[in-house]
Every structure is written in C-alpha cells, then in structure tokens.
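The residues making up each chain are set out below.
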Amino acid sequence: MHLNTPAKINLTLDILKKTPSGYHEMQSIMTPISLFDRVTIRVIKKAGIKLKTSGITSPKGEKNIVHQAAALFFKTIKKPPSISIHLHKNIPTCAGLGGGSSDAAATLTLLNNLYRKPLNRKQLVTIATLLGMEVPFFLEPKLALITHFGEKITPMKRLTLEHKHPLGTKKLPIITLYFPKIKKKSTKNQYESLDISL
C-alpha cells in the first residue's frame, strides 16, 4: 500500500507572538502542490520497523520522522510492529515545503488503513500533532487557513477577498520553485532564531 505525499507552500504567513511554551502563534494560508514523496508500507513476518529510503538524502532509521510516526502509531494502538517502509524522497529537505510532515501524515494514514482503522480522525490528529504542528494539515492536504501553533485547520474552498495571495487574485498562480545552494536550516531552527520584535 502506498501514498504520494505532497509538498506545501505558505501563500501567507504571519507570526503573531512567541508564547512561554516556546511555540509561536501564527496564521497562514497553506496549499498542497504537485511535488511529491512516496511512502510505501507492507506488513512483514519479522518484528520491528524496517525503513528503506531512496531519492534525496534523508535521515536513517529512528532519526527519520517516518519511523517515529510508525513507532508512535503502534504505541498508541498497543500492538508490536511488523512492517517494512520505503520512503522515496523528491521534496527537498529544510526547504519549508513540509516534506517530513507530509511523509509522517502519510505513514499514519497508511498504517491506520492497513490495520482496519483502529484510530478515529480525532485520535489521528492528536498523535500527528505530537510529531509536528504541520503534520495534521497533511492528513487531508487541501487549501486551508492554519492558526494557533499550526495545528488548527480551517479548510477553504477558495481564497476570499480577505485572504488574497501575493498576486492579489482569487485563482492560484502557476508557481516555480527554486532552491538556491545556501546553508539549510530546519523549520524549528528558523523559528528559534526569529526575532518578532523587529
């Protein structure tokens, strides 16, 4: 069983404040785009979580959020894992495109389907949030208004006059992504280094 996992872009992003918890309150309009990773999962006889990666270099083993998502899923349903996962990466890492979050959400969705949906939507969102604030968005990736720490999602049928994208029109533009060869920083590090007093 497999899923193509989309990247996303932020059409708008407003960082409102940093809370005592260390998280930033924000508001953003996010939409999935046609750039995908692929997560394939199958049940095997050998116990454990076997993760193979290909494509763009990504963390191995337990350091990979896909492995972490699978481990959390089995911990939640209280069953021992016996699965093989293949992650093929096309989405650049540390690019603000949500590739890791998308892969994690796909892993949760695939496992929930493979094991006949032991978790309901609310439970999936709860464990997705434990993996990262953007992960819940990718459980059902579509145009949405994202608020609070990123985990509150309000689907949008279209961009309204109050929520225009940068080109000021209601239709989404054709977007070209360019990745300059600069030192990359994770989203977490970007937020930690952000000075919202400026």
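Structure's up top.
Quick look at the structure, then. (Residues numbered from 1 in each chain as written. Predicted model: local features only at pLDDT ≥ 70, side-chain atom pairs only at ≥ 80, totals over all residues. Heavy atoms only, no water.)

**Side note on the overall build of the protein chain**
Let me state the cut-off plainly: Secondary structure elements are taken from DSSP: a helix is a run of H or I of four residues or more, a strand is a run of E of two residues or more, and numbering for both begins at the N terminus. Residue burial is assigned from relative accessible area. The probe radius is 1.4 Å, only protein chains are included, and a residue is buried under 20% of its type maximum, exposed over 50%, and partly exposed in between. Contacts are residue-level and defined by heavy atoms, with any inter-residue pair within 4.5 Å sufficient.
Per the secondary structure count, the protein chain includes 4 helices and 6 strands. Secondary structure of the protein chain in N-to-C order comes out as β-β-β-α-β-α-α-β-β-α. Looking at the 198 residues of the protein chain, the share that counts as buried comes to 38%. Long-range contacts, defined here as pairs at least 24 residues apart, represent 69% of the contacts in the protein chain between residues at least 6 apart.

**Digging into the nonpolar core**
Put simply, the rule is: Nonpolar cores were defined as sets of buried Ala, Val, Leu, Ile, Met, Phe, Trp, Tyr and Cys residues, with membership established by side-chain atoms within 4.5 Å.
Formed by 34 residues in total, the largest nonpolar core has its most connected members in Ile83, Ile85, Leu108 and Leu131. Looking at which element gives the most residues to this core, the answer is helix 1 (residues 65-77), with 8 residues. Discounting chain neighbours no more than four positions away, the residues touching Leu108 are Ala69, Phe73, Leu124, Ile127, Ala128 and Leu131. Core analysis: the next-biggest nonpolar cluster, separate from the first, contains 10 residues, Ala7, Ile29, Leu97 and Met156 among them.

**Looking at the packing of helix 2 (residues 99-114) against helix 3 (residues 121-131)**
In a packed pair of helices, the relevant descriptors are the angle between the two axes and the axis-to-axis distance. Note the threshold: A fitted line through C-alpha atoms represents every axis, and for helices the fit uses only the stretch in contact; the resulting angles, taken between N-to-C directions, go from 0 to 180 degrees. In this scheme, a crossing is called left-handed if the near helix is turned counterclockwise away from the far one by less than a right angle; it is called right-handed if the turn is clockwise. As a working rule, the residues Ala, Val, Leu, Ile, Met, Phe, Trp, Tyr, Cys and Pro are called nonpolar, Asp, Glu, Lys and Arg charged, and the rest polar, with Gly in that last group.
Two numbers describe how helix 2 lies on helix 3: the axes approach to 10 Å, and their chain directions differ by 145°. Helix-helix and strand crossings are classified by hand; for helix 2 and helix 3 the assignment is right-handed. Contacts between helix 2 and helix 3 involve Ala104, Leu108 and Asn112 from the former and Leu124, Ile127, Ala128 and Leu131 from the latter. A per-class count over the contact of helix 2 with helix 3 returns 6 nonpolar, 1 polar and no charged.

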